[in-house]
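# Analysis of the macromolecular model
Below are the chains, spelled out letter by letter.
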Amino acid sequence: MSTRWSGVRSGVMDGAIAVGVAAALLVTGLSGQHSAAPLDLLGYALLAAGGLALAARRRAPVPVLALTGLCAVGYQAAGFDVPAVAYLFAVYTSVRTGHRAITVAASVAMLALLPLAALASGLHDTGEAFAQARGALELAWLIAAGAAGEALRQAERRADEAERTREETARRRADEERLHIARELHDSLTHQISIIKVQAEVAVHVARKRGEQVPEALLAIQEAGREATRELRATLEALRDDDTAPPRGLDHVADLVERARTAGLDATLTIGGQRHDVPAAVDRTVYRIVQESLTNIARHAAAETASVRIDYRPDGLAIRVDDDGRATPGTPPVPGVGLLGMRERVTALGGHLRAAPRGEGGFTVQAELPVERTS
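Rules behind the numbers
Residues numbered from 1 in each chain as written. Predicted model: local features only at pLDDT ≥ 70, side-chain atom pairs only at ≥ 80, totals over all residues. Heavy atoms only, no water. Helix = DSSP H or I, 4+ residues; strand = E, 2+ residues; numbered from the N terminus. Buried < 20%, exposed > 50% of the residue type's maximum accessible area, 1.4 Å probe, protein only. Contact = heavy atoms within 4.5 Å. Areas by Shrake-Rupley, 256 points an atom, 1.4 Å probe, with all protein chains shown as cover. Patch = residues over 30% accessible without salt bridge, like charges linked within 9 Å, V, L, I, M, F, W, Y side chains within 5 Å. Salt bridge = Lys/Arg side-chain N within 4 Å of Asp/Glu carboxyl O. Axes fitted to C-alpha atoms, helices over the stretch in contact; angles between N-to-C directions. Parallel < 35°, antiparallel > 145°, perpendicular 65-115°, else oblique. Left-handed = near helix turned anticlockwise from the far one by under 90°. Nonpolar A, V, L, I, M, F, W, Y, C, P; charged D, E, K, R; others polar. Expected span 1.5 Å × (residues − 1). Pairing = 2+ DSSP bridges. Lys, Arg positive; Asp, Glu negative; His and termini not counted. Core = buried A, V, L, I, M, F, W, Y, C linked by side-chain atoms within 4.5 Å.

### Here's the deal with the overall build of the protein chain
Check the secondary structure of the protein chain and you find 11 helices and 5 strands. The buried share among the 375 residues of the protein chain stands at 34%. By sequence separation, contacts in the protein chain at least 24 residues apart represent 69% of the contacts at least 6 residues apart. When the accessible surface of the protein chain is summed, it comes to about 21900 Å², and 59% of that surface belongs to carbon and sulfur atoms.

### What about a nonpolar patch on the surface?
A cluster of nonpolar side chains, Leu113, Leu116 and Leu119, forms an exposed patch at the surface whose accessible area comes to about 250 Å². As for its placement among the helices and strands, Leu116 is situated in helix α5 (residues 100-120).

### With respect to the pattern of salt bridges
Counted according to the given criterion, the structure contains 8 salt bridges. Put simply, Glu368 and Arg313 hold a salt bridge, and the shortest N to O gap is 3.8 Å. Highlighted residues: Glu368 in strand β5 (residues 363-370) and Arg313 in strand β2 (residues 305-313), separated in sequence by 55 residues. Under the relative-accessibility criterion, Arg313 is labelled partly exposed at 36%.

### Thoughts on the packing of helix α3 (residues 61-77) against helix α4 (residues 85-96)
Following both chains from N to C, one finds α3 and α4 inclined at 160 degrees, their axes separated by 9 Å at the closest point. Between α3 and α4, the angle falls in the class roughly antiparallel. Along this stretch, α3 crosses α4, giving a crossing that reads as left-handed. On α4, the residues that touch Pro61, Val64, Leu65, Thr68 and Gly69 of α3 are Ala86, Tyr87, Ala90, Val91, Thr93 and Ser94. Residues belonging to the contact of α3 with α4 are distributed by class as follows: 7 nonpolar, 4 polar and no charged.

### Quick word on α4
Spacing of three or four residues puts side chains on the same side of an α-helix, whose turn is 3.6 residues. Between its terminal C-alpha atoms α4 stretches 17 Å, which fits the 16 Å expected from 12 residues at 1.5 Å a residue. Turning to α4, its buried residues are Ala86, Tyr87, Leu88, Ala90, Val91, Thr93, Ser94 and Val95. Phi for Gly98, located one or two positions after α4, is positive at around 100 degrees.

### Description of the environment of Glu258
Within the fold, Glu258 resides in helix α9 (residues 253-262). Spatially, the C-alpha atom of Glu258 lies 8.5 Å from that of Thr268, the residues being 10 residues apart in sequence.

### A word on the sheet that holds strand β4 (residues 352-357)
Taken in spatial order, the 5 strands make up an open sheet running β1-β2-β3-β5-β4, and their pairing is mixed. In this open sheet, the two edge strands, each paired with only one partner strand, are β1 (266-272) and β4. The average undirected angle you get between the axes of adjacent strands in this sheet is 10 degrees. Relative to β2, β1 runs parallel, the two sharing 7 bridges. If you follow Ile271 over to β2, its bridge partner there is Ile310.

### Regarding the environment of Ile297
If you trace the backbone, Ile297 turns up in helix α10 (residues 280-301). Of the residues examined, Ile297 reaches a relative accessible area of 5% and is grouped as buried. Taking the C-alpha atoms as reference points, Ile297 and Gly325, 28 residues apart in sequence, are found 7.6 Å from one another.

### Here's the deal with the side chain of Asp323
Topologically, Asp323 is positioned in strand β3 (residues 316-323). Although Asp323 is buried, it makes no salt bridge; Arg358 carries the closest opposite charge, 5.7 Å away. The residues contacting Asp323, other than those within four sequence positions of it, are Ile297, Ala301, Ala303, Thr305, Ala306, Arg358, Gly361, Gly362 and Phe363.

### Quick word on the packing of α9 against α10
At their nearest, the axes of α9 and α10 sit 9 Å apart, and the two run at 10 degrees to each other. Taken together, the axes of α9 and α10 lie roughly parallel to each other. Contact residues: α9 offers Val253, Leu256, Val257 and Ala260, while α10 offers Val286, Tyr287, Val290, Gln291 and Leu294. Within the contact of α9 with α10, the residues separate by chemical class into 8 nonpolar, 1 polar and no charged.

### Structural notes on the environment of Ala367
Assignment of secondary structure puts Ala367 in strand β5. The spacing of Ala367 and Ala355 is 12 residues in sequence and 8.5 Å in space, taken between C-alpha atoms. Beyond its immediate sequence surroundings of up to four residues, Ala367 is in contact with Ile289, Leu317, Ala318, Ile319, Val346, His352 and Leu353.

### Overview of the nonpolar core
Soluble, globular proteins show a tendency: their nonpolar side chains are buried together. Grouped together as the largest cluster of nonpolar side chains are 35 residues, with contacts concentrated most on Val286, Leu294, Ile297, Leu317, Ile319 and Val365. Counting residues per element, the ones that place at least two in this core are α9, α10, β2, β3, α11 (337-348), β4 and β5. Among all residues touching Val365, those that are not within four sequence positions of it are Ile289, Ser293, Ile319, Arg320, Val321, Met342, Leu353, Arg354 and Ala355.

### Description of the pairing of β3
Taken across its 8 residues, β3 has 7 buried, putting it largely inside the fold. Relative to β3, β2 is paired through 8 bridges, and the arrangement is antiparallel. By the bridge assignment for β3, Asp311 is matched with Ala318. Between β2 and β3, which follow one another and run antiparallel, lie 2 residues.

Structural data, given as structure tokens:
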């Protein structure tokens, strides 16, 4: 929205400048001794055309540069002693957009053609023609306009480069911190959890081998050890999920649904709309939302069925995961780490997430992610 508004504002500004320059040129031309002869009418038309052409200077800087230059030469030849103001604006825009060589060549041609145009008007001799051309297009003004455009272009390029550098540095530091956390978790927790899990399983095995009744507390410890091992493994995989790891995205959502079916959940996947390319961050986020939602259903919902729907829209993606579990509208969801992580991912991309029980029973996770399409 901000980019669109900026473009509209720039267009309005360019239009205002074009009208103002055209009006100034016409007023200057009308102040001279001119009649309604065809040649004078052509001069007025060239004055107006040269100014109004500036309305398209951002979209087509080189054509506008050529057009304003030709108009300046034309109305000079028609006998109008009017400075080439529109051409100076075109020089500034052309240099700012990076067309330096073309601008220099066009300006050299202008310096050569303006004296000839003044001679062709028949109002000046050779000396006066060169003086007239010099007054219409001072070299210092050309240099100033070109230097201003080049300085602004360089400043914008440095600002863009600095922004890219900051983003790359922040991304690299985040990756390093994530890997550091993964190493710390692995070193501090994996060994201890593995010992608890192995000891509990050995105790259960020995009790059953002796024909003794296994205490419920021991079975709970065994199950908790297995669950903690799975959780830790999943956490470490997520932390180490950087650019060197195989990316997981929309193409792998079907694998998640199939895995849920294998675990005993009647899961379905529906994809609607016309598929189009999405940014890598959106691609990964969709996968994580579906993964976390199906994991929560399997662990906490006591559900028999689950449905995953992904809709491609012209300006984004919509994801919805429903289950028929035991959640009811009177029991709001507990904001766990998984739900918080999904919300953070969606919010970072400018999207919206809703996770709540359904009126007919069960739970719904619904996310909308914006996607900027490039033509």
